[in-house]
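Each chain is listed here by its residues.
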Amino acid sequence: QVPKDPAQRRIRELTTLSKQLQKVHPNVLAKILKQETFYQNEEIVAINKPYGLPVHGGPGVKNCIADVLPILAKMLENMRAEPLHLCHRLDKETTGVMVLARSKEAAERIRLLFKTRQVEKTYWAISLGEPEPTEGIVEIPILEKEVKSHQSHYKVSPSTLAPTSRLSPGDGRAVRVRKNRRAESAVTRYRRLASSSCCSLLELQPITGVKHQIRVHLAYGLGCPILGDHKYSHWSKLAPQKLPEITLKRLKLKQSKARHLPLHLHAHRLSLPLGERLDLVCKPPLFFLKTLRRLELDI
């Protein structure tokens, strides 16, 4: 049954699309990525990564970007083209700029640029709440650990959420806990572009490249989880994101259906120093733009 509400229809369409991407023939998936190609030269190919498509394979993954790169290369050039190479990663639910290299040498050079923080990355996200202050830098080390609950799961979390001291069993004095050496340094610059309907449109520049860094820093560092980020909206459990009444009203969405809301995180721009600095920019997907309009988040 097709939902009457437009917002719920969009959510249903995205869920269906994500499932279909796992069922289509690899040639069809490569053709979709070809249509999403917005820049190419003799060294790189840039695509606008679709929502719901994983970059790498894994349990339950039948189709991923890595598996169809040889087919995509042939579609873009000719039947004798060398396979394309991954240079970085994006989460399955994240959309936006993704760079592929035409050779191993180019891929290694670009990976080194990412590793040495020479690539300028700019993301757009719609968040719940408004960060305070409205512009700044979040610098909180993070690590991945298991969360014990009725449904045990793994999350990346700020290491600063752990206790900084423990009580000595002998005399009850506070003893400083040694800093977790597995925690990775993570730095994110943020700026609010607009706010309305208990939500904000944020521009984000991750200085480091730690797994789920932006999602963790927004949720636990600023208290402003990304719209549709059900994984990081609650620490101790896996549950649908709780939305403010005005947000639900503007989205024309019921709280009971909020679990289907997609992650609103988009890799908007990548700037690479390849000879001259190359700026790669792509606009957010249609569902992201429609949410901006509904929430009246005017740029």
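Above this note sits the structure.
Note that the structure is a prediction, hence the values are computed from the model and not measured. (Residues numbered from 1 in each chain as written. Predicted model: local features only at pLDDT ≥ 70, side-chain atom pairs only at ≥ 80, totals over all residues. Heavy atoms only, no water.)

This part takes up unusual backbone geometry. Excluding glycine, residues mostly carry a negative phi; peptide bonds, for their part, are mostly trans. A cis geometry characterises the amide bond from Glu-132 onward to Pro-133, with omega recorded as 0°. With respect to the element layout, Pro-133 can be found in the loop between β5 (120-128) and β6 (135-139). One non-glycine residue, Cys-198, lies in positive phi territory at about 65°. Along the chain, the position of Cys-198 falls in the loop between β11 (187-196) and β12 (199-206). You can call Cys-198 partly exposed: its relative accessible area is 44%. You will see that Glu-296, though not glycine, has its phi angle at about 60°, which is positive. Locating Glu-296 in the fold gives a position in the segment after α7 (286-294). (Helix = DSSP H or I, 4+ residues; strand = E, 2+ residues; numbered from the N terminus. Buried < 20%, exposed > 50% of the residue type's maximum accessible area, 1.4 Å probe, protein only.)

By the secondary structure assignment, Thr-95 is in strand β4 (residues 95-101). Given the relative accessible area of 3%, Thr-95 is considered buried. Apart from residues lying up to four places away in sequence, Thr-95 is in contact with Lys-49, Pro-50, Tyr-51, Leu-90, Leu-265, His-266, Ala-267, Pro-285 and Phe-287. (Contact = heavy atoms within 4.5 Å.)

Below, the discussion takes up the nonpolar core. Grouped together as the largest cluster of nonpolar side chains are 34 residues, with contacts concentrated most on Ile-65, Leu-72, Leu-84, Leu-100, Leu-204 and Leu-218. For this core, the secondary structure elements donating two or more residues are α2 (26-35), β2 (44-49), α3 (69-76), β4, β5, β12, α5 (213-221) and β13 (265-274). Per-element tally for this core: the top contributor is α3, with four residues. Taken domain by domain, the makeup of this core includes at least three residues from each of domain 1 (1-116) and domain 2 (120-141 + 184-298). (Core = buried A, V, L, I, M, F, W, Y, C linked by side-chain atoms within 4.5 Å. Domains from an automatic or database assignment.)

A separate point is a positive patch on the surface. Judged by side-chain charge, Arg-12, Lys-19, Lys-23, Lys-62, Lys-254, Lys-257 and Arg-259 come together as a positively charged surface patch. As for its placement among the helices and strands, Lys-23 is situated in the loop between α1 (6-21) and α2. (Patch = residues over 30% accessible without salt bridge, like charges linked within 9 Å, V, L, I, M, F, W, Y side chains within 5 Å. Areas by Shrake-Rupley, 256 points an atom, 1.4 Å probe, with all protein chains shown as cover. Salt bridge = Lys/Arg side-chain N within 4 Å of Asp/Glu carboxyl O. Lys, Arg positive; Asp, Glu negative; His and termini not counted. Charge placed at Lys NZ, Arg CZ, Asp CG, Glu CD.)

Read these as layout, nothing more, since geometry by itself doesn't imply function.
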